[in-house]
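Chains, contacts and geometry: an overview
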Amino acid sequence: MSVNRWLATGNFFTAYQEEQRTFLTNLDRLIFSIFLLILFTWPIFFPLNRTYMLVVDNILVAVIAVLGLNLVTGFAGLISIGHAAFVGVGAYTIASFSRVLGDSHILLTHFWLILILIGGLFGAIMGAIVGLPSLRLKHLYLAIATLSFQMIFEWAIKFLTFFNQGQTISVGRVMWFTGEIGRENHYLFWYYVTLTLIILLGFGIRNLFKTRYGRALVAVRDNDRAADAMGMHPGLTKVYAFALSGFLAGVAGAVHAFLYKGAGIESFTLHHSITYLAMAIVGGLGTLNGSFWGPTAIQILNLQVEKFSEYASNYLPSAMNLATALRPLTFGLVIVLFLMFEPRGIANWWRIAKSYTKTWPFRY
Amino acid sequence: MSYFFQIVVSGIVVGSIYALAALGLVLIYKSSRVANFAHGQIIASGAFITYALTVWAAIPIYISFFISLIITFFLAWSVERIFLRRLIGEPIISVIMVTIGLASIIDGLIYLTPFGTKNFSFPQFLPSEPIAIAGVSISWTQLAGVIITTILIASFSWFFKKSTIGISMRAVSDDQFASMSVGISVPSVFGLAWATAGLSAAAAGGIIGNITGLNFDTLHAFGIVVFPVVILGGLDSILGAVVAGIIMGLIQQFAGGYLDGNWGLNGTGEVLPYIILLIILLIKPHGLFGIHEIERV
């Protein structure tokens, strides 16, 4: 039977493998390729100034971090309130190398890609250590364990002299085949690096969920006793979920350190952990494309809030800092409203839009 | 030696405040199995309401303290009614995250007021001369704080043990379906648990505000530091909250008094509770007095 590989009007699966395909039709694949092409080429046609390029870079770094958070909170069902600390572990791995070796050591300038992986590795190790209580415990206790890791991390950075007591530790510029990445190309360069990392990691995670290790996460989330009966080890699966999320967070942190040419405590506080949670919730927990919607939506919202408070502060007494007030207010509102009215997040809107266009123009 | 006893005294003062702050968390957890991450913000708002009534509305502090308790009682009740009542039956993960979102909202609202950025301190209403016995001194404010805390905790325990509402709250925490079948309205018990938690939080806020002055960062940090306390004491035990609060206060003060400045350590009082928390989670997750009903996975 010949199957229309371009326009499928329904699901006609004859094997479980078909259901697991990343792209169900060739049209999906084509659209995705065009989308990637646009992502890679738009900075050439519409060069942004440095301020906005940094915002775009921030979104992409947050996407990597939220991918990690989504793994542990969305797919494995464990709340992590310390995700910014894991990101910080990655960033401070780079910063420590820079502090010990000097900020333009050859390791930092030429082998930064390896350092990013090492940052991820340290994040994974910390994640596994923090996840250890999950060998015995569930939901709430784990949330509190990650919270305490966040507090311990903040203390360690703030009070240990090795970490410069929370002051920024600088990291040098990196080299590419064309020479040192200068000031004007810095953000553009990291845009491409981060985008490539996201594509690799995104496909990695997508494929992970085709294997038993990925499905084990979802199984433990849905019913840990049933998973236990099926021969999985729920505790170890959770520890491994934390390690995996720590790895992604570490990679995000390492990129963050290179992007900002340094690491300071102000980017890895409890507030940032909550922001990552907000991103994951708004995007849609337990969905892969939600990890892309969430950071984009929240960062754009953040930008608008800052613009609005800048505009409004002209009409208000100068002593009041409206942005500090409005940022937590909008984040909190967004978290609460999404949880109350759209718990499946923006990814659900995407799903609805997709199923609507699937049969277009013939509706049923 | 008097240095040692001075630390013991200040540890007990700090610890009794921790106990009062932890009480609210225990109340909510006991009845509805929700950990309230917005507790520190409720403590802070209680303290700020007390200050606003005392200084701006010029009401004597003895009365304004009680008015603020009542206001926060209804505030916490309405928070439950508006945000959390809809989420009954939802997975626990979304309820916890709603409280995190609530914490963020209240943060934002407080930053809109002058309290978010400026420091205030209560007017002195007790003698400022500290009481000194054999070189160990305690200020009148601290003494009053400890006494009020003791009275409040005693009355809360009585309320839970003897009164009809308290018994129905315990029944709900034990088994929701069984308590529904004997005619207890479970949602209203949840509301009441939040309201009483708000009341105890406001009391804690008022006392902290009087002892240390009003600073938003310090006040809402209490909402985080009560987690080590309740985990040490057992999440659903009032007695545990009291004992663990005092233990935690002593540990913090001793760490501050003996560890800081030696071996290049600093601010150990801030971090030790969390290290203890992680260790307890690994070896004795139900805490000192909690019920052993942790589900093993």
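Since this is a predicted model, take the numbers as computed values, not measurements. (Residues numbered from 1 in each chain as written. Chains lettered and ligands numbered in written order. Predicted model: local features only at pLDDT ≥ 70, side-chain atom pairs only at ≥ 80, totals over all residues.)

Some words on the overall build of chain A
A count of helices and strands for chain A gives 15 helices and four strands. Over its C-alpha atoms chain A spans a radius of gyration of 21 Å, differing by no more than 12% from the 21 Å that the globule rule assigns to 364 residues. Considering only C-alpha atoms, chain A reaches an extent of 65 × 50 × 50 Å along its principal axes. Put simply, chain A has 364 residues, and 44% of those count as buried. Partitioning the intrachain contacts of chain A with sequence separation of at least 6 by distance along the chain shows that 77% fall at a separation of at least 24. (Helix = DSSP H or I, 4+ residues; strand = E, 2+ residues; numbered from the N terminus. Rg over C-alpha atoms; globule rule 2.2 N^0.38 Å. Buried ≥ 20, exposed ≤ 12 C-beta atoms within 10 Å, placed from the backbone. Contact = placed C-beta atoms within 7 Å.)

As for the overall build of chain B
In terms of regular secondary structure, chain B is built from eleven helices and two strands. Its helices and strands in sequence order give chain B the pattern α-α-α-α-β-β-α-α-α-α-α-α-α, from N to C terminus. Whereas a compact globule of 297 residues would reach a radius of gyration of roughly 19 Å, chain B reaches 19 Å, a difference of no more than 12%. Each principal axis of the C-alpha atoms in chain B carries an extent, and together these give about 60 × 50 × 35 Å.

Thoughts on the confidence of the model for chain A
With 95% of its residues at a pLDDT of 70 or more, chain A has an overall mean of 84. Mean pLDDT across the elements of chain A bottoms out in strand E3 (residues 179-180) of chain A (71) and peaks in helix H11 (residues 234-259) of chain A (91). (pLDDT = per-residue confidence, 0-100.)

Things to note about the interface of chain B and chain A
Every contact between the two is made by 39 residues of chain B and, on the other side, 39 residues of chain A. Elements that contribute at least two residues to the side of chain B that touches chain A include exactly helix H4 (92-112), helix H9 (216-233) and helix H11 (268-283) of chain B. Of the residues forming the side of chain B that touches chain A, the biggest block, 16 residues, is contributed by H4 of chain B. Of the residues assigned to the side of chain B that touches chain A, the class counts are 26 nonpolar, eight polar and five charged. (Nonpolar A, V, L, I, M, F, W, Y, C, P; charged D, E, K, R; others polar.)

A closer look at the packing of helix H3 (residues 50-75) of chain A against helix H12 (residues 270-283) of chain A
Residue and element names in this part refer to chain A. Packing of H3 against H12 brings their axes to within 9 Å, and their N-to-C directions diverge by 75°. As judged from the angle between their axes, H3 and H12 are roughly perpendicular. When H3 is examined against H12, the residues Ala-62, Ala-65, Val-66, Leu-69, Asn-70, Thr-73 and Gly-74 are found in contact with a partner set consisting of Tyr-276, Leu-277, Met-279, Ala-280 and Gly-283. A class-by-class count of the residues in the contact of H3 with H12 yields eight nonpolar, four polar and no charged. (Axes fitted to C-alpha atoms, helices over the stretch in contact; angles between N-to-C directions. Parallel < 35°, antiparallel > 145°, perpendicular 65-115°, else oblique.)

A look at unusual backbone geometry
Despite not being glycine, Lys-261 of chain A has its phi angle at roughly 55°, a positive value. Tracing the backbone shows Lys-261 of chain A in the loop between H11 and strand E4 (262-263).

Comments concerning the packing of helix H4 (residues 83-101) of chain A against H11 of chain A
Relative placement of two packed helices is described by the angle separating their axes and the distance separating the axes. Residues and elements named next belong to chain A. Axis separation between H4 and H11 bottoms out at 6 Å; the angle between their running directions is 50°. When the axes of H4 and H11 are compared, the pair comes out oblique. The crossing of H4 and H11 is right-handed. Two secondary-structure elements touch here, H4 through His-83, Phe-86, Val-87, Gly-88, Val-89, Gly-90, Ala-91, Thr-93, Ile-94 and Ala-95 and H11 through Gly-246, Ala-249, Gly-250, Val-251, Ala-252, Gly-253, Ala-254, His-256, Ala-257 and Phe-258. (Left-handed = near helix turned anticlockwise from the far one by under 90°.)

What to know about helix H8 (residues 186-212) of chain B
Residues and elements named next belong to chain B. With 27 residues, H8 ought to run about 39 Å at 1.5 Å a step, and its terminal C-alpha atoms sit 38 Å apart, in line with that. Burial analysis of H8 places 22 of its 27 residues in the buried class, which makes it a mostly covered element. Taken from the residues just after H8, Gly-213 is the one with a positive phi, measuring 90°. (Expected span 1.5 Å × (residues − 1).)

Points about helix H15 (residues 345-358) of chain A
Residue and element names in this part refer to chain A. Under the 1.5 Å per step criterion, the end-to-end length of H15 is 21 Å for 14 residues, consistent within 8% with the ideal 20 Å. Turning to H15, its buried residues are Gly-345, Ile-346 and Ala-347. Projected down its long axis, H15 shows its buried positions confined to an angular sector of 165°, all on one face. Opposite the buried face of H15, by more than 90 degrees, sit the exposed residues Ile-352, Ala-353 and Tyr-356. In the core, the buried residues of H15 are packed alongside H12, helix H13 (290-312) and helix H14 (322-341). (Arc of directions from axis to C-beta.)

Quick look at the environment of Ile-43 of chain B
Residue and element names in this part refer to chain B. With respect to the element layout, Ile-43 can be found in helix H2 (residues 39-56). Separated by 177 residues in the primary sequence, Ile-43 and His-220 have C-alpha atoms spaced 6.9 Å apart. Residue contacts for Ile-43: discarding those within four places in its chain leaves Ala-21, Ala-201, Ala-204, Gly-205, Leu-219, Phe-222 and Gly-223.

Quick notes on the environment of Ser-168 of chain B
All names here are of chain B. With respect to the element layout, Ser-168 can be found in helix H6 (residues 164-174). Ser-168 gets classed as buried once you count the C-beta atoms within 10 Å, which come to 20. Measuring from C-alpha to C-alpha, the distance between Ser-168 and Trp-263 comes to 52 Å, with 95 residues separating the pair along the chain. Residues in contact with Ser-168, not counting those within four places in the same chain, are Ser-179, Ile-184 and Val-189.

A short note on the confidence of the model for chain B
Overall, the prediction assigns chain B a mean pLDDT of 83, with 97% of residues at 70 or greater. Here the predicted complex scores 0.87 on pTM and 0.84 on ipTM.

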